[in-house]
Amino acid sequence: MDPNEYLGSVFSLSSKRILLTGASSGLGRGFASMLANAGAHVILAARSIDKMESLEQEIDAAGGSSEIVALDVRDRSAIRHTVKTLEEKAPIDVLVNNAGIAIVKAPQNMEDEDWDAVYETNLRGAWVLAQEVIKARLADRRECSIVNIASILGLRGIGHVVPYAAAKAGLINIGRDVSTDLAKQGVRMNAIAPGYIETEMNKDWLKTEGGERLRKKIPIRRFGVPNDLAGALLYFCSDASRYTTGTVLEIDGGFCAAL
């Protein structure tokens, strides 16, 4: 067999319907193109429809398949309605929980509203989405894969992001616990823990003196780019990972290993 044909068959996402949250910007926008290029029908979910329209056009122009849904992951009823509506069309094979925010403050200055906003977006919304997809897949006895986009900050501290770090650690441990209960029923849940990945939102800071000091602590001596996460994302979304669940994959240039 041709090597490209073999790899394509192992990591193919053809015929898979993937629900991707936080698709309008940052890592989510890059993830959308990666998944569509691998053959998936990508359901782009975020609060901002306007930002996703151009992304849908880009995917379609490249020969991919996608659709847009407006979704605020802090709204439980909206999540349940969205999943129900999507399931009426066809089953969701993969959920990528990518939506997330960060509020940077010293611990003593973090307000209740700050904690709630981060928790509801980064953890509770991801859990409610996962739960709804899991219910649907248990009902029709189909396998599914849930990929939680966590962070190395869910594994180690950095300071000034208490609710973010707690929520990302929660995403990792939700996967471990769900896998213990539901792996035998075909539900897989894994996490990707990116390190310092350059995006539109942080690229200016990464060029500062503080960013340069941080770069020197990374054994590979560079910041990551979104495409560095492609292999892990395709692995967890595809059938290549059918025997993998409850894991977290650190993609950080060796940062955590060097601590």
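Residues numbered from 1 in each chain as written. Predicted model: local features only at pLDDT ≥ 70, side-chain atom pairs only at ≥ 80, totals over all residues. Heavy atoms only, no water.

1. Observations concerning the environment of Pro219
Its place among the elements puts Pro219 in the loop between helix H8 (209–215) and helix H9 (230–237). Through-space distance from the C-alpha of Pro219 to that of Phe255 is 6.3 Å; in sequence the pair is 36 residues apart. Beyond its immediate sequence surroundings of up to four residues, Pro219 is in contact with Gly253, Gly254, Phe255 and Ala258. (Helix = DSSP H or I, 4+ residues; strand = E, 2+ residues; numbered from the N terminus. Contact = heavy atoms within 4.5 Å.)

2. So, empty space enclosed by the protein
The tally for this structure, following the rule as stated, stands at 1 cavity of 30 Å³ or more. In this structure, the largest cavity occupies an estimated 30 Å³ of space. Lining the largest cavity, in full, are Thr21, Val73, Asn97, Asn98, Ala99, Thr121, Gly125, Ala126 and Leu129. Broken down by element, the lining of the largest cavity gets its largest block of residues, 4 residues, from helix H5 (residues 112–140). Its residues assigned to classes, the lining of the largest cavity shows 4 nonpolar, 5 polar and no charged. (1 Å grid on protein atoms, 1.4 Å probe; cavity = no way out; pocket = protein on both sides within 12 Å on 5 of 7 lines; lining within 4 Å. Points joined across faces, edges and corners; volume = space filled by probe spheres on them. Nonpolar A, V, L, I, M, F, W, Y, C, P; charged D, E, K, R; others polar.)

3. Overview of the layout of surface pockets
Of the volumes computed, that of the largest pocket is approximately 1,600 Å³. Lining the largest pocket are 50 residues, and of these Gly100, Ile101, Ala102, Tyr164 and Met201 sit closest to its centre. Where the lining of the largest pocket is concerned, the elements lending two or more residues are helix H2 (26–37), strand S2 (41–46), helix H6 (162–182), helix H7 (203–206) and H8. Considering only residue class, the lining of the largest pocket consists of 25 nonpolar, 17 polar and 8 charged.

4. Considering the pairing of strand S1 (residues 17–21)
For S1, the tally of buried residues reaches 5 of 5 residues, placing the bulk of the element in the interior. In S1, alternate side chains face the same way, and those of Arg17, Leu19 and Thr21 on one face and Ile18 and Leu20 on the other are all buried. Pairing between S1 and S2: 5 bridges, direction parallel. When the bridges of S2 are listed, Arg17 appears paired with His41. In this structure, S1 lies alongside strand S4 (residues 94–97), joined through 3 bridges in parallel fashion. Looking at S4, one finds that Ile18 is bridged to Val94. (Buried < 20%, exposed > 50% of the residue type's maximum accessible area, 1.4 Å probe, protein only. Pairing = 2+ DSSP bridges.)

5. Observations concerning the sheet that holds strand S7 (residues 248–251)
Overall, parallel pairing links the 7 strands, which are arranged S3-S2-S1-S4-S5-S6-S7 in an open sheet. Looking along the sheet, the strands with just one partner apiece sit at the ends: strand S3 (65–70) and S7. Across the sheet, the axes of successive neighbouring strands diverge by a mean angle of 20°, strand direction being ignored. The pairing of strand S6 (residues 187–194) with S7 spans 4 bridges and is parallel. Residue Ala193 lies in a different strand from S7, and its bridge partner there is Glu250. Across the sheet, helix H4 (residues 76–89) is in contact with S1, S2 and S3; its angle to S3 comes to roughly 150°. Of the strands in this sheet, S1, S4, strand S5 (144–149) and S6 are in contact with H5, which crosses S4 at around 175°. (Axes fitted to C-alpha atoms, helices over the stretch in contact; angles between N-to-C directions.)

So, to be careful, I would describe these as geometric facts and stop short of saying anything about function.
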